[in-house]
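Analysis of the macromolecular model
Letter by letter, the chains look like this.
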Amino acid sequence: MAIQNGTHTPEDTSTTRGIPDYRHSGPITLKYVKRGYHALCTHFLTLAAVPMAAVGLLELANMYKQGDLNDMWVVAKQTNLTFDLVSFIAGCSLLIFAAAAYIFTRKRPVYLLNYHCFKPDDSLKVSYKYFMEHSERIGAFTPESLEFQRKVLERSGLGEETYLPEAVMKNPPEPTMAAARGEANQVLFESVERVLAKTGISPKAVDILIVNCSLFNPTPSLSAMIVNHFGMRSNVITYNLSGMGCSAGVISLSLARELLQVYPRSTALVVSTENITQNWYFGNAKSMLIPNCLFRLGGAAMLLSNRRVDRWRAKLELLHVVRTHMGQDAAHYGCVYQQEDGAGQRGVHLSRELMRIAGHALKANITTLGPLVLPVSEQLLFFLNLVARKVLKRKGLKPYIPDFKLAFQHFCIHTGGRGVIDAIEQQLELGTRNAAPSRETLYRYGNISSASIWYVLANIETKQGLRKGDRIWQIAFGSGFKCNSAVWRALRTCNEQHGAWVEGGQAGGKAV
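Predicted, not measured: the structure shown is a model, and the values here were computed from it.

**Considering the overall build of the protein**
Helix and strand content of the protein: 17 helices and 15 strands. Taken over 512 residues, the protein has a buried fraction of 47%. Accessible area for the protein stands at about 26,100 Å²; split by element, carbon and sulfur atoms hold 58% of it.

**Side note on the nonpolar core**
In terms of nonpolar packing, the biggest core is built from 101 residues, with Leu-304, Trp-454 and Trp-488 touching the most fellow members. Trp-454 has contacts with Leu-112, Tyr-115, Cys-117, Leu-253, Ala-300, Met-302, Gln-474 and Trp-488, leaving out every residue within four places of it along the chain. Core analysis: the next-biggest nonpolar cluster, separate from the first, contains 28 residues, Leu-113, Leu-188, Val-192 and Met-225 among them.

**Here we look at the packing of helix H15 (residues 418-427) against helix H16 (residues 431-445)**
The contact between H15 and H16 brings their axes to 10 Å, and the two run at 165°. Considering the angle they form, H15 stands roughly antiparallel to H16. Handedness of the crossing formed by H15 with H16: right-handed. Each of Arg-418, Ile-421, Asp-422 and Glu-425 in H15 lies in contact with H16, whose residues at this interface are Gly-431, Thr-432, Ala-435, Ser-438, Arg-439 and Leu-442.

**Some points on unusual backbone geometry**
Residue Pro-172 follows Asn-171 across a cis peptide bond; omega there is 0°. Within the fold, Pro-172 resides in the loop between helix H7 (166-169) and helix H8 (177-199). Omega for the bond connecting Thr-219 with Pro-220 falls within 30 degrees of zero, at 0°, which places this linkage in the cis form. Along the polypeptide, Pro-220 turns up in the loop between strand E4 (208-212) and helix H9 (222-230). Despite not being glycine, Ser-449 has its phi angle at roughly 55°, a positive value. Note on placement: Ser-449 falls in the loop between H16 and helix H17 (452-463).

**Here we look at the confidence of the model for the protein**
One rule of thumb: low pLDDT means the predicted coordinates there are not for detailed reading. Per-residue pLDDT for the protein has a mean of 86; in total, 84% of the residues score no lower than 70. This stretch, residues 4-29, has a pLDDT under 50; its non-local contacts, to residues over four places away or in other chains, come to 20 contacts.

**A word on the side chain of Glu-378**
Mapped onto the fold, Glu-378 is located in helix H14 (residues 376-390). A polar contact is formed between the side chain of Glu-378 and the backbone nitrogen of Asp-403, at a distance of 2.7 Å.

**Regarding the pattern of salt bridges**
With the rule as written, the count across this model stands at 21 salt bridges. With a shortest N-O distance of 2.2 Å, Glu-147 and Arg-150 are connected by a salt bridge. A residue pair is termed a helical-turn pair when its members lie 3 or 4 positions apart in one helix, as Glu-147 and Arg-150 do in helix H6 (residues 143-156) at three residues. The class of Glu-147 is partly exposed, set by a relative accessible area of 31%. For Lys-198, the salt bridge identified is with Glu-496, shortest N-O distance 2.9 Å. Placement of the pair is Lys-198 in helix H8 and Glu-496 in the loop between strand E13 (482-490) and strand E14 (502-503), with a sequence separation of 298 residues. One salt-bridge network, in which partners are shared between bridges, spans Lys-198, Lys-315, Glu-461 and Glu-496.

**Description of the environment of Asp-329**
As for its placement among the helices and strands, Asp-329 is situated in the loop between strand E8 (316-325) and helix H12 (330-334). According to the relative accessible area criterion, Asp-329 is partly exposed, its value standing at 33%. Linking Asp-329 and Gly-480, residues 151 residues apart in sequence, is a C-alpha distance of 9.5 Å. Polar contacts involving the side chain of Asp-329 include one to the main-chain amide nitrogen of Ala-331, which spans 3.1 Å.

**Description of the pairing of strand E12 (residues 471-478)**
Among the eight residues that make up E12, seven are buried, leaving the element largely enclosed by the rest of the structure. Pairing between strand E11 (residues 410-413) and E12: four bridges, direction parallel. Each residue of the ladder has a partner; that of Cys-412, found in E12, is Gln-474. Both E12 and E13 contribute to a ladder of eight bridges, which runs antiparallel. When the sheet's bridge partners are listed, Phe-477 is paired in E13 with Cys-483. Counting the residues that bridge the hairpin from E12 to E13 gives three residues, and of these Gly-480 lies at a positive phi of roughly 135°.

**As for the sheet that holds strand E6 (residues 267-273)**
A sheet is described by the order of its strands in space; here nine strands give the open sequence E5-E4-E6-E7-E1-E8-E13-E12-E11, paired in mixed fashion. A single partner strand is all that each edge strand has here, and the edge strands are strand E5 (237-241) and E11. For this sheet the average axis-to-axis angle between neighbouring strands, irrespective of direction, equals 20°. Of the strand pairs in this sheet, strand E1 (residues 111-117) and strand E7 (residues 299-305) are connected by six bridges, and their pairing is antiparallel. Directly across from Asn-114, in E7, lies its bridge partner Leu-303.

**Considering the side chain of Asn-306**
Take Asn-306: it is sitting in the loop between E7 and E8. Among the polar contacts listed, one links the side chain of Asn-306 to the backbone nitrogen of Ser-266, at a separation of 2.7 Å. With sequence-adjacent residues up to four places away left out, Asn-306 is seen in contact with Arg-108, Pro-109, Leu-260, Tyr-263, Pro-264, Arg-265 and Ser-266.

Reading guide: rules and limits
- Sequence order as written defines the numbering, with residues in each chain counted from 1.
- It should be noted that, the model being predicted, local features are given only for residues of pLDDT at least 70 and side-chain atom pairs only at 80 or more, the latter also being counted only at that level, while totals for whole chains, interfaces and linings use all residues.
- The side-chain figures draw on all heavy atoms in the structure; neither hydrogens nor water molecules are used.
- By the criteria applied, helices consist of DSSP H or I runs no shorter than four residues and strands consist of E runs no shorter than two, each listed in order from the N terminus.
- Burial classes: relative accessible area under 20% of the type maximum marks a residue as buried, over 50% as exposed, and values in between as partly exposed (1.4 Å probe, protein chains only).
- Each accessible area value is a Shrake-Rupley result obtained with a 1.4 Å probe; residue values ignore everything except the protein chains displayed when judging cover.
- Nine residue types can take part in a nonpolar core, namely buried Ala, Val, Leu, Ile, Met, Phe, Trp, Tyr and Cys, and a core is a set of them joined through side-chain atoms within 4.5 Å.
- Whether two residues are in contact is decided by their heavy atoms: any pair within 4.5 Å suffices.
- The convention used is that axes are lines fitted to C-alpha atoms, helices contributing only their stretch in contact, and that angles between N-to-C directions extend from 0 to 180 degrees.
- Note that the term roughly parallel is reserved for angles under 35 degrees, roughly antiparallel for angles over 145, roughly perpendicular for angles of 65 to 115, and oblique for everything else.
- In this scheme the handedness of a crossing depends on how the near helix is turned from the far one: anticlockwise by less than a right angle means left-handed, clockwise means right-handed.
- pLDDT is a per-residue confidence score from the predictor, ranging from 0 to 100.
- In protein, a polar contact requires one atom able to donate a hydrogen and another able to accept it; more generally it is a pair of N or O atoms within 3.5 Å, and residues adjacent in sequence count only if both atoms are side-chain atoms.
- For salt bridges, the criterion is a side-chain nitrogen of Lys or Arg within 4 Å of an Asp or Glu carboxyl oxygen.
- Only when DSSP finds a minimum of two bridges between them are two strands counted as paired.

What follows is the structure in structure tokens.
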């Protein structure tokens, strides 16, 4: 999903010297009150158990001093205790049955062994100047359309070194099936090869293969291309997801998770990409020109496992996947729509209502996600605010926005456009630091569709590092209309220097 618009307002970092002005220190005071409240709710059981344990110890000491414990011991020795053999065997059998039921019915873990983000060759870099000159040379766009594209680029948040496939950059472009297959081969094969090399797993050891690409669906499928190229087993389970937009990466994870619950001791290879070659728009409808300005070349491959022995070498564990589909409403369904324009040119239409619709989908998604991840303190505050507004009819009381920074240390926002990142940052009050990796990914790589959340994660790992126990929230939007979330937990400290973010031997990427 591609969105542009919106402006980024940095956080207010101004401070005053001297005596604090308490007339304007309400938000600061509230912040520390919330911290204390959060700590109280989080450690409530511990705080309650400590005094109870102390009272219990004092009572035992008093009983020992008065000789009560010794009297109880004498009575126990004089009592003739007998055990019913049948009851004993039945009890043991019940315990064994319960243990076996737990072992065989508990959910299998889903581990991320590693992932790779495709970095195109430098020859495919596209600057603003080249993009505009190339668009003009094509001869398909009117002066008004060219000016519109220039304005979109300037506001897009994209930098001067994003990538386009070779067939699109040719003059004239070559949107052929052969060229589209060439783009797919380049992205998919390198991504898969690199992630297999990182994990030391043979292609024949892959049990499940899932590929998602929304707009390019050849026959044989993209998953069949990978099976053929790498010589995978004949019984490998393959899926090829199409038409599901930029949130399909999370959908692929969801499918992999469900399959890994069914097939024990298995590895799943998930590949996310989008193909641009045959989906470049050569018309003049403004709502269909925006994808030309935002979508760029990219892809990622991830290797998952449900083998418990892989936990020691895995990077992350998948905790939750929350999928929200708003397609039952006509406006949501049609806000991102592939069609022909009046002149018969095919492209993807983006509705003016896209940002409003994305906000509705986000609200529905976090309503489901919140109870799964938020601490009790935040859930109570949200519930009390809801009761005050809906039951007590407290007019003027603003809805309480839970602090998701208490649940997550890192945020991977789909790089659908500057407006997407702005909206999520502002609605969830994430702050500039938490949104910075997504902004840097948009600047360096543009909208790389379903793979973008993995480029953001690679940025975080390369520049900040992940600490054991850190929780990561991947969130993406897609046509239909969908908002999907994936929640991960770091199993160990990870600071791999991903090639997608290493420029000249050092971690690169402009902070925007």
